[in-house]
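# Commentary on secondary and tertiary structure
Read off the chains here:
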Amino acid sequence: MLDLHLIREQPDLVREALRRRQESPAPVDDILAADEERRRTLADLEALRNQRNVASKEIGRMKEDGAREARKAQVREINTRIAELEKTVGEVETRLNALLVQMPNIPAEDVPYGKDDSENVVLRTIGEPRHFDFELLPHWDLGPALGILNFEQGIKLAGSRFYVLSGSGARLQRAIIQWMLDVHIGQGYREEYLPFMVREQIVFGSGQLPKFRDNLFHDVERDAWMVPTAEVPLTGLHAGEILDASVLPLHYVAYTPCFRKEPMSAGKDVRGIKRGFQFDKVEMFKFCLPENSVAELETLRENAEEICRLLDIPYRIKILCTGDLGFAARKTYDLEMWAPGCGEWLEVSSCSNVGDFQARRSNIRFRREAGAKAEFVHTLNGSGLALPRTMIAIMENYQQKDGSIVVPEVLRPYMKIDVIR
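Small disclaimer: the values here were computed from a predicted structure and weren't measured.

What counts, and where the lines are drawn
Residues numbered from 1 in each chain as written. Predicted model: local features only at pLDDT ≥ 70, side-chain atom pairs only at ≥ 80, totals over all residues. Heavy atoms only, no water. Helix = DSSP H or I, 4+ residues; strand = E, 2+ residues; numbered from the N terminus. Contact = heavy atoms within 4.5 Å. Areas by Shrake-Rupley, 256 points an atom, 1.4 Å probe, with all protein chains shown as cover. Lys, Arg positive; Asp, Glu negative; His and termini not counted. Charge placed at Lys NZ, Arg CZ, Asp CG, Glu CD. Phe/Tyr/Trp six-rings, centres within 6.5 Å; stacked < 30°, edge-to-face > 60°. Buried < 20%, exposed > 50% of the residue type's maximum accessible area, 1.4 Å probe, protein only. Lys NZ or Arg CZ within 6 Å of the ring centre and 35° of its normal. Axes fitted to C-alpha atoms, helices over the stretch in contact; angles between N-to-C directions. Nonpolar A, V, L, I, M, F, W, Y, C, P; charged D, E, K, R; others polar. Core = buried A, V, L, I, M, F, W, Y, C linked by side-chain atoms within 4.5 Å. Pairing = 2+ DSSP bridges. Polar contact = N/O pair within 3.5 Å; in protein donor to acceptor, adjacent residues only side chain to side chain.

## A few points about the overall build of the protein chain
A tally of regular secondary structure across the protein chain gives 13 helices and 18 strands. Dimensions along the principal axes, computed over C-alpha positions, put the protein chain at roughly 105 × 45 × 40 Å. Long-range pairs, those at least 24 residues apart, make up 73% of the contacts in the protein chain with a sequence separation of at least 6. In the form shown here, the protein chain has an accessible surface area of approximately 20,100 Å², with 48% of it arising from carbon and sulfur atoms. Charge-centre separation for the protein chain: the mean point of 57 positive side chains lies 3 Å from the mean point of 65 negative side chains.

Now the structure itself:
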């Protein structure tokens, strides 16, 4: 959430940020109008409360009954007016807060301008696509042929956009998750095992609500939300806390399944396991001092890149333009792996600096020293990596002419086999 003081004191900066994001700057004017109405009403309310206090003291000193009763009648009128203004303040604050929580974060200055994802900037490509002397199969043919991927069973069990991994397919998925966690632990992250359902306030604090309400799965009876990413509960770990600066930065990593009502377009992403309502992901998350978040983003990206390098799969790094930047993000790098069977680059990680946006919503602060004013921490998040797209890249890059799949060397100690046949 943006600082109201920032919007009040630098409205043109916020308007320009919305324009860069390809969004209307009109909400800034609505916020300023609601803020002015709220402050004006609060001033009137304070003046009436002062009048009531003065009148109450006068009543206590009055000797003449008629004058005292007349003054009491005035106090009753003041009380009526105070109740009306208190109601007005509540209504205005509700309207103001509703406007504020819909405001996206301000892009960092070095984020390139662009209208949509077609204008994201490829910074560099690492690795060369393998040469194959046979016709490549996409994973949606390769997996079923090996008996490790079954779409029909997934549909029978849960409907469209679900699938079943069997045998070595299930083992491969589990091995990837375990290995990625071990790599990130070695990088200095602390593993957390988290609930897969969380309270609404936790989802709000991460920035998922109210904007993405229609994309989330909600247990109405318990008023609990299935996590769309481990970023949500990781953000909430320190909600409402004031941390000591000496403990920062905090680096966490967690595996969770993720549940999202992904929008499906006719003719796009309809084959295979690239996009679905349930998928697995290993997530990295950081809490840090504000002055360190720029550098922390670079190491976060490097930590995600190491997974790609160790798997020896070609990948590229993009910086998202302003028009494709996520709601809560100030700056984002995407990592994409090459999938030769599909013939496309697949996003396997997004690494973002969120600044104090989530910390304000979750009220996560720190003190630099005892007695110092509490400040908001900065948060960062990054996939390390997301499945099943990492699965797709492994299957398609390591396929062989006979239809088998070579297990990447780093995964063999986890799989206990060298080839999936």
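## Things to note about the packing of aromatic side chains
Remark: the centre distance and the inter-plane angle together describe each pair of aromatic rings, the angle taken between the planes. Tallied over the entire structure, the rule returns eight aromatic pairs. Aromatic pair Trp-338 and Trp-345: ring centres 5.3 Å apart, planes at 55°, arrangement tilted. Here Trp-345 falls in the partly exposed class, since its relative accessible area comes to 23%. In this structure an aromatic cluster arises from ring pairing among Phe-212, Phe-327 and Phe-357. When the ring centre of Tyr-333 is taken as reference, the NZ or CZ atom of Arg-301 above it lies at 5.2 Å. In this structure, Arg-361 is placed above the aromatic ring of Phe-204, and the distance from its NZ or CZ to the ring centre is 4.3 Å.

## Focus on the packing of helix H2 (residues 11-20) against helix H3 (residues 26-61)
Each pair of packed helices gets described by two things: the angle between the helix axes and the distance between those axes. At their nearest, the axes of H2 and H3 sit 8 Å apart, and the two run at 145° to each other. Note on element contacts: H3 touches H2 through Val-28, Asp-29 and Leu-32, opposite Pro-11, Val-14, Arg-15 and Leu-18. Taken together, the residues of the contact of H2 with H3 break down into five nonpolar, no polar and two charged.

## A look at the nonpolar core
Leu-172 and Met-337 are the most contacted members of the largest nonpolar core, which has 52 residues in total. Top element by residues in this core is helix H7 (residues 168-186). It accounts for eight residues. In this view, Met-337 contacts Cys-308, Leu-311, Ile-313, Pro-314, Tyr-315, Glu-344, Trp-345, Leu-346, Val-348, Leu-385, Thr-390 and Ala-393; residues no more than four positions away in its chain are not counted. Membership of the second largest hydrophobic core comes to 27 residues, among which are Ile-7, Ala-17, Val-227 and Ala-328.

## What to know about the environment of Pro-11
Following the sequence through the fold, Pro-11 ends up in helix H2. Classification of Pro-11 by relative accessible area gives buried; the value is 19%. Measuring from C-alpha to C-alpha, the distance between Pro-11 and Gly-167 comes to 58 Å, with 156 residues separating the pair along the chain. Non-local contacts of Pro-11, meaning those with residues more than four positions away in its chain, are made with Leu-6, Val-28 and Leu-32.

## Looking at the pairing of strand E16 (residues 378-386)
In terms of residue burial, E16 counts as a mostly covered element, since nine of its nine residues are buried. Note that strand E10 (residues 278-288) and E16 share seven bridges and pair antiparallel. Its bridge partner lying in E16, Glu-283 is registered against Ser-383. Across four bridges, the pairing between strand E13 (residues 344-355) and E16 is antiparallel. Bridge assignment links Gly-355 to a residue of E16, and that residue is Thr-379.

## Some thoughts on the side chain of Lys-281
Its location among the elements puts Lys-281 in strand E10. Classification of Lys-281 as buried rests on a relative accessible area of 5%. A polar atom in the side chain of Lys-281 sits 2.7 Å from the side chain of Thr-229. If we ignore the near neighbours within four places in the chain, the residues touching Lys-281 are Thr-229, Ala-254, Tyr-255, Thr-256, Cys-258, Arg-260, Ser-383, Leu-385, Ala-386 and Leu-387.

## Observations regarding the sheet that holds strand E1 (residues 121-126)
In spatial order, the strands read E1-E11-E12-E13-E16-E10-E9-E4; together these eight strands make up an open sheet with mixed pairing. Two strands in the sheet have a free side with no partner beyond their single neighbour: E1 and strand E4 (190-191). Packed on one face of the sheet, H7 meets E4, strand E9 (250-259), E10 and E16 and runs near 5° to E10. The strands touched by helix H10 (residues 293-311) are E1, E9, E10, strand E11 (315-319), strand E12 (331-339), E13 and E16; relative to E16, the strand with the most contacts, the crossing angle is about 5°.

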